Amino acid sequence: IVDQVTNIPGKFKLVQCSECNLVYLNPRPKLECINLLYPDNYQPFKMKLTNSKVRKNIFFDFKEVYYKQGNGKKLLEIGCANGNYLKLMKGLGWECDGLELSKKAAESVRNEGFFVYNNTLEEAKFNNKYDIITAWMVFEHLFDLKKSLTKLKSISKPETTLIFSVPNINCVSFKLFKSFWHNIHGPAHLQHFDSSTIKTLLNKTGWELKKIEYHRKYSDFFLSLSNFLKNKNQLKLSKMIKRFSNWKLQKIIFYFPAIITTNLFKSSRMTVYAQITNN
(Lines give C-alpha, C1' and ligand atoms only; values in the text may rest on other atoms or scores of the structure.)
Protein backbone atom coordinates (compact mmCIF):
# COMPACT_ATOMS: atom_id res chain seq x y z
CA ILE A 1 0.00 0.00 0.00
CA VAL A 2 0.93 3.68 -0.29
CA ASP A 3 -0.17 6.65 1.83
CA GLN A 4 -3.32 8.06 0.22
CA VAL A 5 -3.96 10.67 2.93
CA THR A 6 -0.81 12.60 3.92
CA ASN A 7 1.36 11.34 1.04
CA ILE A 8 4.21 9.98 3.17
CA PRO A 9 6.61 8.50 0.59
CA GLY A 10 7.27 4.78 0.28
CA LYS A 11 5.40 1.50 0.06
CA PHE A 12 4.11 -0.42 3.09
CA LYS A 13 3.03 -4.01 3.58
CA LEU A 14 -0.09 -5.32 5.29
CA VAL A 15 -0.20 -8.90 6.59
CA GLN A 16 -2.82 -11.00 8.37
CA CYS A 17 -2.26 -13.15 11.45
CA SER A 18 -2.97 -16.82 10.65
CA GLU A 19 -4.33 -17.41 14.18
CA CYS A 20 -6.46 -14.39 15.15
CA ASN A 21 -6.96 -12.86 11.66
CA LEU A 22 -5.84 -9.37 12.70
CA VAL A 23 -4.56 -7.36 9.73
CA TYR A 24 -1.56 -5.18 10.55
CA LEU A 25 1.35 -3.22 9.11
CA ASN A 26 4.58 -5.25 8.94
CA PRO A 27 7.19 -3.96 9.48
CA ARG A 28 5.86 -1.15 11.65
CA PRO A 29 7.41 2.25 12.34
CA LYS A 30 9.51 2.46 15.51
CA LEU A 31 7.78 4.02 18.51
CA GLU A 32 10.09 7.05 18.48
CA CYS A 33 9.09 7.73 14.85
CA ILE A 34 5.32 7.65 15.36
CA ASN A 35 4.97 11.43 15.61
CA LEU A 36 6.48 11.76 12.09
CA LEU A 37 3.33 10.12 10.71
CA TYR A 38 1.23 13.12 11.79
CA PRO A 39 2.47 16.37 10.22
CA ASP A 40 0.86 19.64 11.28
CA ASN A 41 -1.26 19.56 8.11
CA TYR A 42 -2.90 16.29 9.24
CA GLN A 43 -6.60 16.95 8.69
CA PRO A 44 -7.94 16.41 12.27
CA PHE A 45 -5.41 18.97 13.55
CA LYS A 46 -6.44 21.60 10.99
CA MET A 47 -10.13 21.65 11.89
CA LYS A 48 -11.09 24.65 14.00
CA LEU A 49 -12.82 24.44 17.36
CA THR A 50 -16.51 25.10 16.76
CA ASN A 51 -19.70 25.36 18.75
CA SER A 52 -20.64 21.76 18.00
CA LYS A 53 -24.23 20.75 18.53
CA VAL A 54 -25.70 17.33 19.15
CA ARG A 55 -27.37 16.15 15.95
CA LYS A 56 -30.48 14.02 16.16
CA ASN A 57 -30.78 10.76 14.23
CA ILE A 58 -32.90 12.26 11.47
CA PHE A 59 -33.34 10.87 7.97
CA PHE A 60 -30.00 11.99 6.53
CA ASP A 61 -27.83 12.05 9.67
CA PHE A 62 -25.09 9.43 9.50
CA LYS A 63 -22.84 10.36 12.43
CA GLU A 64 -22.90 7.97 15.38
CA VAL A 65 -21.11 9.39 18.43
CA TYR A 66 -21.85 9.12 22.15
CA TYR A 67 -23.94 12.03 23.51
CA LYS A 68 -25.23 11.80 27.09
CA GLN A 69 -25.70 14.21 30.00
CA GLY A 70 -22.63 14.16 32.27
CA ASN A 71 -23.86 15.62 35.57
CA GLY A 72 -20.27 16.29 36.67
CA LYS A 73 -18.86 12.86 35.77
CA LYS A 74 -15.39 12.60 34.21
CA LEU A 75 -14.69 11.92 30.55
CA LEU A 76 -11.38 11.26 28.81
CA GLU A 77 -10.99 11.47 25.05
CA ILE A 78 -7.99 9.67 23.57
CA GLY A 79 -6.79 11.59 20.52
CA CYS A 80 -8.78 14.77 21.13
CA ALA A 81 -7.27 16.54 18.05
CA ASN A 82 -8.90 19.98 17.78
CA GLY A 83 -11.08 19.56 20.90
CA ASN A 84 -14.52 19.80 19.29
CA TYR A 85 -15.84 16.69 21.03
CA LEU A 86 -14.52 17.85 24.41
CA LYS A 87 -16.25 21.19 23.97
CA LEU A 88 -19.51 19.49 23.03
CA MET A 89 -19.41 17.15 26.03
CA LYS A 90 -18.47 19.93 28.43
CA GLY A 91 -21.66 21.64 27.32
CA LEU A 92 -23.53 18.49 28.37
CA GLY A 93 -22.12 18.64 31.89
CA TRP A 94 -19.01 16.45 31.68
CA GLU A 95 -15.64 17.21 33.26
CA CYS A 96 -13.46 16.62 30.22
CA ASP A 97 -9.78 15.79 29.77
CA GLY A 98 -7.99 14.92 26.56
CA LEU A 99 -4.90 13.15 25.32
CA GLU A 100 -3.23 14.28 22.10
CA LEU A 101 0.09 13.33 20.52
CA SER A 102 0.47 16.54 18.49
CA LYS A 103 2.05 19.32 20.54
CA LYS A 104 0.46 22.02 18.40
CA ALA A 105 -3.01 20.50 18.57
CA ALA A 106 -2.75 19.86 22.33
CA GLU A 107 -1.72 23.45 22.97
CA SER A 108 -4.66 24.82 20.99
CA VAL A 109 -7.11 22.72 23.05
CA ARG A 110 -5.44 23.80 26.32
CA ASN A 111 -6.00 27.39 25.27
CA GLU A 112 -9.72 26.59 25.32
CA GLY A 113 -9.49 25.66 29.01
CA PHE A 114 -9.14 21.85 28.84
CA PHE A 115 -6.51 19.69 30.51
CA VAL A 116 -4.68 17.76 27.79
CA TYR A 117 -1.98 15.11 28.17
CA ASN A 118 0.55 15.67 25.39
CA ASN A 119 2.20 12.28 24.86
CA THR A 120 1.41 8.74 23.82
CA LEU A 121 -1.16 6.70 25.69
CA GLU A 122 1.59 4.29 26.74
CA GLU A 123 3.65 7.11 28.28
CA ALA A 124 0.86 9.22 29.83
CA LYS A 125 0.60 9.46 33.63
CA PHE A 126 -3.05 10.04 34.35
CA ASN A 127 -4.30 11.95 37.40
CA ASN A 128 -7.91 10.75 37.43
CA LYS A 129 -10.19 7.78 37.01
CA TYR A 130 -12.87 8.26 34.39
CA ASP A 131 -16.54 7.34 33.99
CA ILE A 132 -16.38 7.37 30.19
CA ILE A 133 -13.35 6.90 27.95
CA THR A 134 -13.77 7.64 24.24
CA ALA A 135 -11.53 7.30 21.21
CA TRP A 136 -12.83 8.22 17.75
CA MET A 137 -10.80 6.59 14.96
CA VAL A 138 -7.73 6.25 17.19
CA PHE A 139 -7.11 2.59 18.12
CA GLU A 140 -5.98 1.73 14.60
CA HIS A 141 -3.09 4.19 15.22
CA LEU A 142 -1.89 2.85 18.60
CA PHE A 143 1.54 1.25 18.80
CA ASP A 144 0.83 -1.28 21.56
CA LEU A 145 -2.88 -2.01 21.80
CA LYS A 146 -2.71 -4.60 24.57
CA LYS A 147 -0.67 -2.29 26.76
CA SER A 148 -2.94 0.64 25.97
CA LEU A 149 -6.19 -1.17 26.78
CA THR A 150 -4.69 -2.53 29.99
CA LYS A 151 -3.68 1.00 30.95
CA LEU A 152 -7.17 2.33 30.22
CA LYS A 153 -8.54 -0.34 32.54
CA SER A 154 -6.26 0.97 35.33
CA ILE A 155 -7.80 4.47 35.09
CA SER A 156 -11.37 3.19 34.94
CA LYS A 157 -14.01 2.77 37.60
CA PRO A 158 -15.88 -0.55 37.94
CA GLU A 159 -18.79 0.87 35.91
CA THR A 160 -16.71 2.75 33.32
CA THR A 161 -17.72 2.42 29.68
CA LEU A 162 -15.10 2.44 26.93
CA ILE A 163 -16.44 3.68 23.59
CA PHE A 164 -14.35 3.80 20.45
CA SER A 165 -14.76 3.83 16.69
CA VAL A 166 -12.46 2.08 14.22
CA PRO A 167 -12.52 1.26 10.50
CA ASN A 168 -14.05 -2.10 9.64
CA ILE A 169 -11.81 -3.98 7.22
CA ASN A 170 -14.56 -6.53 6.64
CA CYS A 171 -16.48 -4.02 4.53
CA VAL A 172 -17.62 -3.72 0.93
CA SER A 173 -15.25 -0.84 0.13
CA PHE A 174 -12.15 -2.79 1.16
CA LYS A 175 -13.24 -5.87 -0.76
CA LEU A 176 -13.72 -3.75 -3.89
CA PHE A 177 -10.77 -1.38 -3.69
CA LYS A 178 -8.16 -3.26 -1.60
CA SER A 179 -5.03 -1.06 -1.31
CA PHE A 180 -7.00 1.99 -2.50
CA TRP A 181 -9.49 1.75 0.37
CA HIS A 182 -9.56 5.19 2.00
CA ASN A 183 -9.30 3.78 5.53
CA ILE A 184 -6.12 1.80 4.76
CA HIS A 185 -4.23 5.02 5.54
CA GLY A 186 -0.79 3.42 5.86
CA PRO A 187 1.56 3.84 7.53
CA ALA A 188 -0.46 5.75 10.17
CA HIS A 189 -2.99 2.92 10.59
CA LEU A 190 -0.94 0.18 12.22
CA GLN A 191 -3.74 -2.39 12.48
CA HIS A 192 -7.17 -3.07 10.98
CA PHE A 193 -10.11 -4.71 12.75
CA ASP A 194 -13.33 -6.56 12.19
CA SER A 195 -15.86 -7.60 14.84
CA SER A 196 -14.06 -10.85 15.71
CA THR A 197 -10.60 -9.32 16.18
CA ILE A 198 -12.09 -6.53 18.30
CA LYS A 199 -13.77 -9.07 20.57
CA THR A 200 -10.56 -11.11 20.90
CA LEU A 201 -8.52 -8.03 21.75
CA LEU A 202 -10.97 -6.87 24.41
CA ASN A 203 -11.17 -10.32 26.00
CA LYS A 204 -7.38 -10.48 26.30
CA THR A 205 -7.15 -7.11 28.04
CA GLY A 206 -9.88 -7.39 30.67
CA TRP A 207 -12.75 -5.80 28.77
CA GLU A 208 -16.11 -7.23 27.80
CA LEU A 209 -17.68 -6.36 24.46
CA LYS A 210 -21.20 -4.99 24.99
CA LYS A 211 -22.24 -4.02 21.47
CA ILE A 212 -21.03 -2.84 18.08
CA GLU A 213 -22.84 -0.21 16.04
CA TYR A 214 -22.07 -0.12 12.31
CA HIS A 215 -22.06 3.34 10.78
CA ARG A 216 -24.22 4.30 7.85
CA LYS A 217 -21.04 5.56 6.21
CA TYR A 218 -21.09 6.27 2.49
CA SER A 219 -18.26 8.80 1.81
CA ASP A 220 -15.47 6.24 2.29
CA PHE A 221 -16.71 4.42 -0.81
CA PHE A 222 -16.34 7.52 -2.98
CA LEU A 223 -13.00 8.49 -1.46
CA SER A 224 -11.74 4.97 -2.20
CA LEU A 225 -13.03 5.23 -5.75
CA SER A 226 -11.24 8.58 -6.04
CA ASN A 227 -7.98 6.95 -4.90
CA PHE A 228 -8.43 4.20 -7.49
CA LEU A 229 -9.06 6.67 -10.31
CA LYS A 230 -6.09 8.79 -9.25
CA ASN A 231 -3.85 5.73 -9.52
CA LYS A 232 -5.20 5.22 -13.08
CA ASN A 233 -4.23 8.83 -13.93
CA GLN A 234 -7.88 9.82 -14.19
CA LEU A 235 -7.13 12.96 -12.19
CA LYS A 236 -10.11 15.13 -13.21
CA LEU A 237 -12.59 12.34 -12.55
CA SER A 238 -10.83 11.51 -9.27
CA LYS A 239 -11.18 15.11 -8.06
CA MET A 240 -14.83 15.22 -9.12
CA ILE A 241 -15.61 12.03 -7.16
CA LYS A 242 -13.76 13.39 -4.12
CA ARG A 243 -15.83 16.58 -4.18
CA PHE A 244 -18.96 14.49 -4.60
CA SER A 245 -18.10 12.60 -1.38
CA ASN A 246 -18.80 15.83 0.55
CA TRP A 247 -22.00 16.69 -1.31
CA LYS A 248 -24.85 16.89 1.22
CA LEU A 249 -27.57 15.71 -1.17
CA GLN A 250 -25.86 12.35 -1.64
CA LYS A 251 -26.68 11.60 2.01
CA ILE A 252 -30.27 11.27 0.89
CA ILE A 253 -29.51 9.59 -2.45
CA PHE A 254 -27.45 6.84 -0.82
CA TYR A 255 -29.46 6.55 2.39
CA PHE A 256 -30.97 3.14 1.58
CA PRO A 257 -27.76 1.52 0.23
CA ALA A 258 -26.04 2.71 3.41
CA ILE A 259 -28.74 1.06 5.53
CA ILE A 260 -28.38 -2.20 3.58
CA THR A 261 -24.59 -2.36 4.08
CA THR A 262 -25.05 -1.51 7.74
CA ASN A 263 -27.58 -4.31 8.24
CA LEU A 264 -25.20 -6.72 6.50
CA PHE A 265 -22.39 -5.63 8.85
CA LYS A 266 -20.34 -4.53 5.86
CA SER A 267 -20.12 -0.79 6.44
CA SER A 268 -16.69 0.79 6.65
CA ARG A 269 -16.73 2.02 10.26
CA MET A 270 -17.98 0.72 13.58
CA THR A 271 -18.39 2.05 17.11
CA VAL A 272 -17.59 -0.37 19.93
CA TYR A 273 -18.94 -0.30 23.50
CA ALA A 274 -17.11 -2.23 26.22
CA GLN A 275 -16.95 -2.49 30.01
CA ILE A 276 -14.53 -4.05 32.45
CA THR A 277 -15.07 -7.76 33.01
CA ASN A 278 -16.21 -8.86 36.45
CA ASN A 279 -13.79 -11.76 36.75
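Scroll up a little and you will see the structure.
Figured I'd write up the structure that's included with this text. (Residues numbered from 1 in each chain as written. Predicted model: local features only at pLDDT ≥ 70, side-chain atom pairs only at ≥ 80, totals over all residues. Heavy atoms only, no water.)

### Brief notes about the packing of helix 7 (residues 219-231) against helix 8 (residues 235-244)
Between two packed helices, what matters for the description is the angle formed by their axes and the separation of those axes.
Logical step 1: Interhelical geometry of helix 7 versus helix 8 gives an angle of 170° and a closest axis separation of 8 Å. Comparing the axis directions of helix 7 and helix 8 gives the class roughly antiparallel. The residues of helix 8 that touch helix 7, namely those facing Phe222, Leu223, Leu225, Ser226, Leu229 and Lys230, are Leu235, Leu237, Ser238, Ile241, Lys242 and Phe244.
Logical step 2: Within the contact of helix 7 with helix 8, the residues separate by chemical class into 8 nonpolar, 2 polar and 2 charged. (Axes fitted to C-alpha atoms, helices over the stretch in contact; angles between N-to-C directions. Helix = DSSP H or I, 4+ residues; strand = E, 2+ residues; numbered from the N terminus. Parallel < 35°, antiparallel > 145°, perpendicular 65-115°, else oblique. Contact = heavy atoms within 4.5 Å. Nonpolar A, V, L, I, M, F, W, Y, C, P; charged D, E, K, R; others polar.)

### Side note on a nonpolar patch on the surface
Logical step 1: On the surface, a nonpolar cluster with roughly 360 Å² of combined accessible area is contributed by Trp247, Leu249, Ile252 and Ile253.
Logical step 2: On the secondary structure map, Ile252 appears in helix 9 (residues 250-253). (Patch = residues over 30% accessible without salt bridge, like charges linked within 9 Å, V, L, I, M, F, W, Y side chains within 5 Å. Areas by Shrake-Rupley, 256 points an atom, 1.4 Å probe, with all protein chains shown as cover. Salt bridge = Lys/Arg side-chain N within 4 Å of Asp/Glu carboxyl O.)

### Describing the packing of aromatic side chains
Logical step 1: Considering all chains together, one arrives at 11 aromatic pairs under this definition.
Logical step 2: For the pair Tyr117 and Phe126, a centre-to-centre distance of 4.7 Å together with 65° between the ring planes defines the contact as edge-to-face. For the residue pair Tyr117 and Phe126, the accessibility class agrees, reading buried in each case.
Logical step 3: Centre to centre, the rings of Phe221 and Phe222 are 5.3 Å apart; their planes meet at 90°, and the pair counts as edge-to-face. (Phe/Tyr/Trp six-rings, centres within 6.5 Å; stacked < 30°, edge-to-face > 60°. Buried < 20%, exposed > 50% of the residue type's maximum accessible area, 1.4 Å probe, protein only.)

### Let's talk about the sheet that holds strand 7 (residues 156-167)
Logical step 1: Reading across the sheet, the 7 strands line up as 5-4-3-6-7-10-9 and stay open at both edges, with mixed pairing between neighbours. Each edge of the open sheet carries a strand with a single partner, namely strand 5 (115-117) and strand 9 (207-214). The sheet shows a mean angle of 20° between the axes of neighbouring strands, taken without regard to direction.
Logical step 2: Direction of pairing for strand 9 relative to strand 10 (residues 269-276): antiparallel, over a ladder of 7 bridges. Bridged to Trp207 within strand 10 is Ile276.
Logical step 3: Along the sheet face, helix 6 (residues 195-204) touches strand 7, strand 9 and strand 10 and points at about 155° away from the line of strand 9. (Pairing = 2+ DSSP bridges.)

### Considering the pairing of strand 6 (residues 130-136)
Logical step 1: The element strand 6 is extensively covered by neighbouring structure, given that 7 of its 7 residues are classed as buried.
Logical step 2: Pairing of strand 3 (residues 74-78) with strand 6 involves 3 bridges; the strand directions are parallel. Bridge pairing in strand 6 links Glu77 to Thr134.
Logical step 3: Inspection of the sheet shows strand 6 paired to strand 7 by 6 bridges, in the parallel sense. The partner of Tyr130 across the bridge, within strand 7, is Ser156.
Logical step 4: Crossover strand 6 to strand 7 through helix 4 (residues 145-154) is right-handed. (Right-handed = clockwise from strand over helix to strand, strands pointing away.)

### What about the layout of surface pockets?
Logical step 1: Taken as a whole, the second largest pocket encloses approximately 370 Å³ of empty space.
Logical step 2: The wall of the second largest pocket is formed by 14 residues, among which Cys20, Leu22, Leu145, Lys146 and Leu201 lie closest to the centre.
Logical step 3: Going through the elements one at a time, helix 4 and helix 6 are the ones with two or more residues in the lining of the second largest pocket.
Logical step 4: The element best represented in the lining of the second largest pocket is helix 6, accounting for 4 residues.
Logical step 5: Class assignment for the residues of the lining of the second largest pocket results in 8 nonpolar, 3 polar and 3 charged. (1 Å grid on protein atoms, 1.4 Å probe; cavity = no way out; pocket = protein on both sides within 12 Å on 5 of 7 lines; lining within 4 Å. Points joined across faces, edges and corners; volume = space filled by probe spheres on them.)

### Points about helix 2 (residues 84-91)
Logical step 1: Within helix 2, the full set of buried residues consists of Asn84, Tyr85, Leu86, Leu88 and Met89.
Logical step 2: Packed against the buried residues of helix 2 are strand 3, strand 4 (95-99), helix 3 (103-110) and strand 6.
Logical step 3: Backbone geometry just after helix 2 places Gly93 at a positive phi near 100°.

### A look at the sheet that holds strand 2 (residues 23-25)
Logical step 1: Read from one edge to the other, the open sheet built from 3 strands follows the order 1-2-8, with strand pairing classed as antiparallel. A single partner strand is all that each edge strand has here, and the edge strands are strand 1 (14-16) and strand 8 (191-192).
Logical step 2: Inspection of the sheet shows strand 2 paired to strand 8 by 2 bridges, in the antiparallel sense. Bridge pairing in strand 8 links Val23 to His192.

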